[in-house]
Structures are given as C-alpha cells and as structure tokens.
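# Coordinates in review
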Amino acid sequence: MTADPAARPLPARFPYGGDYCPEQWPAEVRAADLDALQDIGVNTVTLGVFLWSSLHPAPGVYDFSLLDEILEPVLARDMQIVLATPTGAHPAWMARTADVTRVDFEGRRHLFGARHNSCPSSATFRAESAEIAGLLAQRYHDLPGLVAWHIGNEFGGMCYCESCAAGFRRWLQEKYGTLEELNRRWYTLFWGHTMHSFEDIVPPSALSEHWNGPAYTAFQIITLDYRRFQSEALRECFRLEKQAIRRHSPDVPVTANLMGFFPGIDYRRWADDLDIVSWDNYPRIGHGPGRVALAHELMKGLAPDRPMWLMEQTPSQTAWRPDNPLQEPGLLRLRTWQAIAHGAEATLYFQMRASRGASEKFHGAILNHAARTDTRVVREVAQIGAEVRAAAQLRGSRTEHRAAVCVDWDSWWSLEMSDGPTRRVPYVEEITRIHQDLFDRGIGVDVLSPDADLTGYDLILAPVLFVTGPERAANLERAVAAGADLVTGFLSGRVDEDDQAPTLDVPGHLAPLCGIRVDETDSQPEGVDREIRWADGTICRADTVFDLVTPVDAEPLADYGSGFYAGTAAVTRRDTGAGRVFYVGARLDEAGLRTLWDQVLGAAEDRAPGLERVRRRTEDAEVLFLLAHDGAHRVVLDAASTDLLTGDSFPAGAVLSLCAPEVRVLRRPLEGAPA
Ligand SMILES: [Zn+2]
C-alpha cells in the first residue's frame, strides 16, 4: 500500500503562497483576494486547516458545502492546493465527549477552547480524525492541482488524562516486557519507587513526580519515557489519518507542518511517515541566521531523500510574542532564499489575508485588513514571487557537506530536566553557539542523529551529547576510525538511554574515545567565570560548567588559569591514527570557541561573519548561494557564474559586493555540462 514517496508526483509549479482562510470571508471577497494574490505570483494555497466544525457540525452529520464553495474560485484560477485535514481543532460538540479534551500538567480536564486541545490517546478523537481525513480524501482525491495533504496543524502538547495513563502503561509493557525489567531500568529502588503492578504507574505530572513545573522531576526516566510515549501517541494520530487518506489518495504526498527545533516531539521517529518534511519557520528575537540554517538542515536531515518544504513563515510579523518586530525591507526575501538554499522545494507563508478577529488578527499577512495591494509587504512578496520560479530548477539538488552536527531529542529532554550538574545549559542554544564559527567560515553542515551512519564526514560536532550508551559511542568511534575529527565535551556521555549514569569514568562510554577522564565537574552561577589558557598562549574565558579533565591518552590543548583547579586541563585532543577527538570541558566564550575551531580546522582566512555561503548541486551545475545577513561583503568568484535572479553573468575572478539583506544565487555549470 505504501508507494515509494520519492516517486510521488511533484507540483508542476514551485509552490509559492500559503495558508488562506476563505471561510472567514464572503464569496466576493474571496474572488478579489485570489485575483490579487495571483497577480503577485501566489500559485498555491493551503486550505481547510481549521474547518472541522463546518465539515462536521454534529455527531454523524457531515457537510462539505462550505469547502466546495471555497475550492471553486481556487480551482477556477488553476491554483495548486495543499488540502489540510482539520484536526488541529475539534468541533465544540466533540469536546463534550468525555475523553476528547486534554488533561493538563496540573490535572485539570480542559473544556472546549483554543486549538491543539485533543487528547492523542482518545479513542473518540482517533476515530473521528481518521474518519474526517478519509472522507476528505474520498471526496477530493482527484482535485485538480492537489499537490499535498497537510495533516492537522503543528502537532504538539502534552496530555495527562486517564486514556493517556492507560496508553502509557501499554507502551511501557511493550517496551520493557516485564515489571522486573521496568523496575531495573527505571532504578525504582531510589525513593522506594518499586512498581508492583503496571497499574501503579501514573503519568509524571504536578500531581506525581514533578515540582516547580515540567522541567523539574524527581524521576527523570519516568518523565523521559512519558515524553517519548506522548511523541509516539501523536505520531499514531498522524498515521491513522494518513492511512485513511491513502485508501483513496495513494499518490499525493502527505505531510504535517513541523516546527524545526521543537522540543515536544522526537521528529526523527516521525521521519519515515512523512512524504514531504515541511516546517514552520518563525525565528525568535535573538535567533540568528546560523540557528535558522541549523533548523533547515535539521528538517532536511530527517529525510534527506525526500522533499523539504517551508510550510509557513510570516510575510511580515508575528503576533503572539510580547514584541513582534517587522522584517526590514529585503529580509523576507533573504529568509525565503535561505530556505531554498537549504533545500526547500516550496516556500509558503502564513497567511494570505489577515483575520478580522481573535488571536491572529494582527499576525502579519500578505493582504492586510483593507486588502491593499500597494503596501511594502505586497511589493516584496511580488518580487519574490517573480524570482522563485527560478527555484524550480533546483528541485532535487543536493549539498555535499563534509561536516555533521549531531542533534538528539533524548539528550535535549534529559539534559534540560537533569538535577545537576547545571540547569543553565539550554541544549539547542549550546549547539548553536558552538556551530556559529563554522557558519561564519562558510562551512555547511548536515544535522543528523548521533546514531546515523557518520562515516565519511571529515568533521562531527557532538556537543552536550548527554545521552550516550555503548552503541552510540561505538557509532562515533567508527566515524573517527574512518578519519573524522570529533568535537564533543562537557555534559556528554553522562547517562544512558535509561537516564542512568554509567559505572564508568566521565564521559562514560565516550571516555576511551576521548582519551580522558573527568573526576569532578564544577558548576558556577551567572557572573562567575574562569580563565582558559591555550598552549599557544591565547587566553579566553569560560563560564557555567567546568570539567576537571585528566588526560589519559590525550594531550591538553588548554588548561584553567583560575579557580582552585588552575593548571588542570580544560580542552584536550586525542589523535587516533585516522581521526582526532577534541574534548571541550568548559563552556568557552566566543573568543574561546573561535580559538577552538582554529585548533581543529586551522586559522580561518575566509571567516565572514554575516555572510552565509551555501553550495548545492543539481545534475549539471553547482549553485552558490550568497546570503548577506549582516554587514557589507566583497566576494571573489571562484568560477564563471550566472545569477539566477537577475540573469547577470560574471567571469571567474569577478568581485561581487553585497550589502545586507542581499541575496545572490549563482549558477556555475559542472565541468563537461552545457553552460
Ligand atoms: Zn490524554
């Protein structure tokens, strides 16, 4: 039944457009909106995301007339359609069914309201969501222009109800087999937690294991398993809808809009189910382009052989944050092309027209409340709309990155709820910090699981790899034996997948590979730092966490210059013959991280902070993206190039000037290919 997703038909046009809610508008407004949108290059609309209450107004009653009506003008204009299942928000009547709404962390059963409020274990919700998905597919499977099915909306959130408790017990029984095994791996002799029956087990919440909120738990492994279970329960909801769609629509790709570095779901476990990996990009204040680049590669890396789509970004500003900055002129274009540079095969926005009421009435849209077409946003969207047609020729293009960054949801979850050594190392922020200098050097990275096949990479970055059992350590060791340089360090190898500390020297199963041992780790409050002295005389600072490193089979590269452990190693290197392993025992400041990368990669002659460089390969060309995020830059072209956006041609050696926010997309034919 499952056809090869790679063989599914691709959209005829590079999808450009996004979420539209025509149900909020009368027919004449819809027609005018669609004309205006089409005029500025919008060729694809996502429809039906929140239509459940209209489609299913009462138990057993279905009414597709509104959806038929809103599809009609879209079909008349030959637009491409992403058709959503409406299951991100259940109808009000359904909330009166006992098991549908969620029970929150504090144990309160929710009433009808908001969205994303359906219990993922609810038998009613599962049956109803699969039913409506199947009915939509039955009715609309041969819709002209249907390019994708979009299931639900931004899956996420937790539930602590009785259905989830029962589901959790079944999931645990399947995982552990016996209570004896569960007790052993849950380490339940601690605080007298021995379970004598699976019925003893309750979800870890404010009423049971937690204090001071979801990040503070007395039993990390119970909370870790509950997060794994909830992630799987949501996946099961997705799969049930997908199966229902597939019965009527075997060939149209199915996706769900993910959210990049989203902590709620282990997206890796969803990857096999997604024909397209699509995601919503809403960078926060302070999330720079390096972080966004990592998020794109995280999403692309879920399924490197399948298309990645940018399903949502705001054409203007968000509305749900305390501060919602405008994107300065050119920034939307830069962000759109950044997505394409990292492999996006569709660039879609939320939203086409601003709602008049409720929580998104001030969320940015292409068309504002007055539906003006002479605004700055419309002009910029139109410019991009004309340009993105060129992106169709990049479909299926690949990167050939020599470096990989390891990201692991288990480590993320486990580290951030750990009591000790520190609460002040946010997982993704730390990875982003260490990655920044690679970004500034123009070194592209794949973002992969530490359990993926990493052999063949020249460089593997595996910081704060908190959860590392023997298999994971062996996987990294294979990559190093094959010639990779590995960079890891503090808060790595601290626990195994059962959240138990190994009976080994720190960093546990990674210790032999790193050639060190750590007997003590100091953790200091904000404002306290230590001097770090590199062997070449460079001095920098470190803060927050400090491993006292004893080299066993490694050489010290830097030691502490202050604290009672001054003179103790802080950074080490072990040469293994084929590869090298760098252990970074302290949270280095920016200067320290640059020194580290100078040690690993050699002094950088082409570091260009603010200028992102991405290379993709099509069958017959290399495409170099130059994305000026900050400042002014001069780039000497290393090959004759044609700018896909302007048509301008440049000889090898030409010097291009770029000033942020500016984009160049330079095509250069591969040797032997026609120009
Ligand atoms: Zn539940």
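Keep in mind it's a predicted model, so treat the numbers as computed, not measured.

## Digging into the overall build of the chain
From N to C terminus, the chain includes 16 helices and 27 strands. Relative to the globule expectation of 26 Å for 675 residues, the C-alpha radius of gyration of the chain, 26 Å, shows essentially globular dimensions. On the principal axes, the C-alpha backbone points of the chain span a range of 75 × 75 × 45 Å. Relative to all contacts within the chain whose residues are 6 or more apart in sequence, the contacts with residues 24 or more apart total 71%. If you sum the accessible surface of the chain, you get close to 26,600 Å²; carbon and sulfur atoms cover 50% of it.

## Quick notes on helix α3 (residues 65-76)
For α3, built from 12 residues, the straight-helix expectation of 16 Å at 1.5 Å per residue is met to within 8% by its first-to-last C-alpha distance of 17 Å. Those residues of α3 that fall on the buried side of the exposure criterion are L67, I70, L71, P73 and V74. Along the axis of α3, the buried positions cluster into a sector of 160 degrees, meaning they face one direction only. Residues E72 and A76 are exposed on α3 and point more than 90 degrees away from its buried face. Lining the buried residues of α3 we find α1 (27-39), β2 (44-47), α2 (52-55), β3 (80-84) and α5 (123-140). One or two residues past the end of α3 sits D78, with phi positive at roughly 60 degrees.

## Quick notes on the packing of α3 against α5
Contact pair α3 / α5: the axes reach a minimum separation of 13 Å and the direction vectors enclose 45 degrees. Taken together, the axis directions place α3 and α5 in an arrangement best described as oblique. With respect to the hand of their crossing, α3 and α5 are arranged in right-handed fashion. Along its contact with α3, which presents L67, D68 and L71, the element α5 presents L136, R139 and Y140. When the residues that make up the contact of α3 with α5 are grouped by side-chain class, the tally is 4 nonpolar, no polar and 2 charged.

## Details of the nonpolar core
Ranked by size, the top nonpolar core spans 160 residues in total, and within it W149, W186, W337, I532 and F625 carry the most contacts. A per-element tally of this core places helix α8 (residues 220-246) first, with 11 residues. Of all hydrophobic cores here, the second largest spans 25 residues; its members include A462, L476, A484 and A554.

## Topic: the UniProt feature "binding site: substrate" (unreviewed entry) in the chain
Following the UniProt record, the feature "binding site: substrate" (unreviewed entry) maps to R115, N153 and W320 here. By relative accessible area, which is 35% here, R115 ends up partly exposed. Mapped onto the secondary structure, W320 falls in the loop between β8 (308-312) and α10 (331-341). Given the relative accessible area of 52%, W320 is considered exposed.

## Focus: the pairing of β2
Taking every second residue as pointing to the same face, both faces of β2 are buried, with T44 and T46 on one and V45 and L47 on the other. Inspection of the sheet shows strand β1 (residues 16-19) paired to β2 by 3 bridges, in the parallel sense. Across the sheet, residue D19 finds its bridge partner in β2, namely T46. Across 4 bridges, β2 lies against β3 in parallel orientation. The residue of β3 that forms the bridge with V45 is I81.

## Section: the side chain of H296
Following the sequence through the fold, H296 ends up in helix α9 (residues 289-302). Ignoring any residue separated from it by four or fewer positions in sequence, one finds H296 in contact with W279, N281, M308, L310, Q338, A339 and H342.

## As for the side chain of Q313
Tracing the backbone shows Q313 in the loop between β8 and α10. Among the residues examined, Q313 registers a relative accessible area of 2% and is labelled buried.

## Looking at the UniProt feature "domain: Beta-galactosidase trimerisation" (unreviewed entry) in the chain
The positions UniProt marks with the feature "domain: Beta-galactosidase trimerisation" (unreviewed entry) are residues 402-604. The span residues 402-604 shows a helical share of 25% and a strand share of 32%, and its end C-alpha atoms are spaced 16 Å apart.

## Examining the domain arrangement of the chain
Domains assigned within the chain are domain 1 (5-160 + 224-394), domain 2 (162-223), domain 3 (403-601) and domain 4 (611-669). One C-alpha centre belongs to domain 1, the other to domain 4, and the line joining them spans 32 Å. Taken together, the contact between domain 1 and domain 4 spans 18 residues of the former and 16 residues of the latter. Between domain 1 and domain 4, the buried area comes to about 1,400 Å², and carbon and sulfur atoms account for 71% of it. Among the residues domain 1 hides against domain 4, the three largest losses belong to L334, A341 and L394. Together they make up 39% of the total.

## Considerations on the environment of D458
Tracing the chain through its elements places D458 in the loop between β11 (445-448) and β12 (459-461). Owing to a relative accessible area of 40%, D458 belongs among the partly exposed residues under this scheme. In sequence terms D458 and E209 are 249 residues apart; their C-alpha atoms lie 43 Å from each other. In this structure D458 touches R402, G483, A484 and D485, once residues within four positions along its chain are discounted.

## Some points on the pairing of β1
Two elements, β1 and strand β9 (residues 344-350), share 4 bridges in a ladder whose sense is parallel. Within β9, the position partnered with D19 by the bridge is F350. Once you follow β1 into α1 and on to β2, the crossover reads as right-handed.

## Observations regarding the pattern of salt bridges
Pairing between side chains of opposite charge can happen when their charged atoms approach one another. Inspection of the entire model under this criterion finds 53 salt bridges. Its salt-bridge partner being D437, residue R607 comes within 2.7 Å of it at the nearest N-O pair. Here D437 lies in helix α13 (residues 427-440) and R607 lies in the loop between α16 (590-601) and β21 (611-617), a separation of 170 residues in the sequence. Sharing partners across several salt bridges, the network here consists of E181, R184, R185, E497 and D498.

## Examining the sheet that holds strand β24 (residues 641-643)
Pairing is antiparallel across the open sheet formed by 5 strands, whose spatial order is β21-β22-β27-β24-β25. Each edge of the sheet is formed by a strand with only one pairing partner; in this case those strands are β21 and β25 (649-650). Bridge count for β24 against β25 is 2 bridges, and the pairing is antiparallel. Following the sheet pairing, S641 is matched in β25 by F650.

## Comments concerning the environment of D408
Counting through the fold element by element, D408 comes out in the loop between β10 (403-406) and α12 (409-416). The exposure class of D408 is buried, given its relative accessible area of 7%. Taking C-alpha positions, D408 is 5.9 Å from S449, a pair spaced 41 residues apart along the chain. Of the polar contacts made by the side chain of D408, one reaches the side chain of R472; its length is 2.7 Å.

## Quick word on the packing of aromatic side chains
Considering all chains together, one arrives at 28 aromatic pairs under this definition. A centroid spacing of 6.3 Å and a plane angle of 65 degrees characterise the contact between F64 and Y140, whose relative ring orientation is edge-to-face. Taken together, the residues span a long stretch of sequence, with F64 in the loop between α2 and α3 and Y140 in helix α5 at a distance of 76 residues. A centroid spacing of 6.1 Å and a plane angle of 20 degrees characterise the contact between W412 and Y427, whose relative ring orientation is stacked. In this pair, W412 sits in helix α12 while Y427 sits in helix α13, placing the two residues 15 residues apart along the sequence. Accessibility expressed as a relative area gives 5% for W412, which makes it buried. By the ring-pair criterion, three or more aromatic residues cluster together here, those being F105, Y160, F168, W171, Y176, W186, Y226 and F229. Here R423 stacks its cationic end above the ring of Y216, 3.7 Å away from the centre of that ring.

Procedures and definitions
- Residues numbered from 1 in each chain as written.
- Predicted model: local features only at pLDDT ≥ 70, side-chain atom pairs only at ≥ 80, totals over all residues.
- Heavy atoms only, no water.
- Helix = DSSP H or I, 4+ residues; strand = E, 2+ residues; numbered from the N terminus.
- Rg over C-alpha atoms; globule rule 2.2 N^0.38 Å.
- Contact = heavy atoms within 4.5 Å.
- Areas by Shrake-Rupley, 256 points an atom, 1.4 Å probe, with all protein chains shown as cover.
- Expected span 1.5 Å × (residues − 1).
- Buried < 20%, exposed > 50% of the residue type's maximum accessible area, 1.4 Å probe, protein only.
- Arc of directions from axis to C-beta.
- Axes fitted to C-alpha atoms, helices over the stretch in contact; angles between N-to-C directions.
- Parallel < 35°, antiparallel > 145°, perpendicular 65-115°, else oblique.
- Left-handed = near helix turned anticlockwise from the far one by under 90°.
- Nonpolar A, V, L, I, M, F, W, Y, C, P; charged D, E, K, R; others polar.
- Core = buried A, V, L, I, M, F, W, Y, C linked by side-chain atoms within 4.5 Å.
- UniProt positions renumbered as here; feature names shortened; annotations may be inferred.
- Pairing = 2+ DSSP bridges.
- Domains from an automatic or database assignment.
- Buried area = accessible area lost by both parts, 1.4 Å probe.
- Right-handed = clockwise from strand over helix to strand, strands pointing away.
- Salt bridge = Lys/Arg side-chain N within 4 Å of Asp/Glu carboxyl O.
- Polar contact = N/O pair within 3.5 Å; in protein donor to acceptor, adjacent residues only side chain to side chain.
- Phe/Tyr/Trp six-rings, centres within 6.5 Å; stacked < 30°, edge-to-face > 60°.
- Lys NZ or Arg CZ within 6 Å of the ring centre and 35° of its normal.

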